[in-house]
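# Summary of the model geometry
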Amino acid sequence: MRLTAQCERSDGWWVARVPEVRGLFTQVRRLDQVEAWILDAASMLDEQPTEGYTVEVVPMLSNADRKAVEEANAGRAQLRQVEAKAAKASRTAIGRLKGEGLPVRDIATLLGISRRRVSAITA
């Protein structure tokens with residue numbers, strides 16, 4: 001069964017309510033605790049093992065906070081793409097320079113990375 005934990009901040013706590021199960025709610029200090037508490041509570045209420053449930057944690061944020069979180073997540077996704085592209089370009093450059101006979105020290109200097117990193121990539 002899929003459960004949706006709608007979480008609202010209240011007096012330093014997160015209050016999580018599950019609309020799919022009447023009367024199922026809990027409060028926790030941190031969002032990373034919500035899933036475990038909801039699973040335990042649902043399991044006790046329905047007398048079912050916790051493996052029968054999946055929990056989606058949905059923080060109820062203001063529009064401005066939600067937008068800020070979405071922008072931060074999108075920025076990190078873009079950063080991962082750029083890092084992957086840079087890593088591939090570095091591997092290609094190291095392979096070419098190594099093939100030309102350049103020493104690891106020179107390759108590291110040219111690419112602005114450590115000799116250890118060059119060696120790790122060529123290994």
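Whatever comes next refers back to the structure up there.
Sequence order as written defines residue numbering, which begins from 1 separately in each chain. A pLDDT threshold of at least 70 governs which residues receive local features in this predicted model, and a stricter bar of 80 or more applies before side-chain atom pairs are shown or counted, although totals over entire chains, interfaces and linings include all residues. For side-chain calculations, the full set of non-hydrogen atoms in the structure is used, while hydrogens and water are omitted.

## Section: the overall build of the chain
The test is simple: Numbering of helices and strands runs from the N terminus, with a helix taken as a DSSP run of H or I at least four residues long and a strand as a DSSP run of E at least two residues long. The quantity called the radius of gyration is restricted to C-alpha atoms. Its globule counterpart is 2.2 Å times the number of residues to the power 0.38. Summary of the burial criterion: residues with accessible area below 20% of their type's maximum are buried, those above 50% are exposed, and those between are partly exposed, where the area comes from a 1.4 Å probe applied to protein chains only. Two residues form a contact once any of their heavy atoms are found within 4.5 Å.
Regarding its fold elements, the chain presents 4 helices and 4 strands. Ordered by position from N to C terminus, the α and β elements of the chain give β-β-β-α-β-α-α-α. The C-alpha radius of gyration computed for the chain amounts to 24 Å, which surpasses the reference 14 Å derived for 123 residues by more than 25%, pointing to a less compact arrangement than a globule. Principal-axis analysis of the C-alpha atoms places the extent of the chain at approximately 70 × 35 × 20 Å. Relative to its full complement of 123 residues, the chain shows a buried share of 19%. Look at the contacts in the chain between residues 6 or more apart in sequence, and 31% of them connect residues 24 or more apart.

## Observations regarding the pattern of salt bridges
Basically, it comes down to this: When a carboxyl oxygen of Asp or Glu is within 4 Å of a side-chain nitrogen of Lys or Arg, the pair counts as a salt bridge.
The tally for this structure, following the rule as stated, stands at 3 salt bridges. Salt-bridge contacts for Arg2 lead to Glu56; the nearest nitrogen and oxygen are separated by 2.3 Å. Residue Arg2 is found in strand 1 (residues 2-10), and its partner Glu56 is found in strand 4 (residues 54-59); the two are separated by 54 residues along the sequence. Arg2 sits in the exposed class, given a relative accessible area of 51%. Across the pair Arg30 and Asp32 runs a salt bridge, and its minimum N-O distance is 2.9 Å. Judged by relative accessible area, Asp32 falls into the exposed class, the value being 58%.

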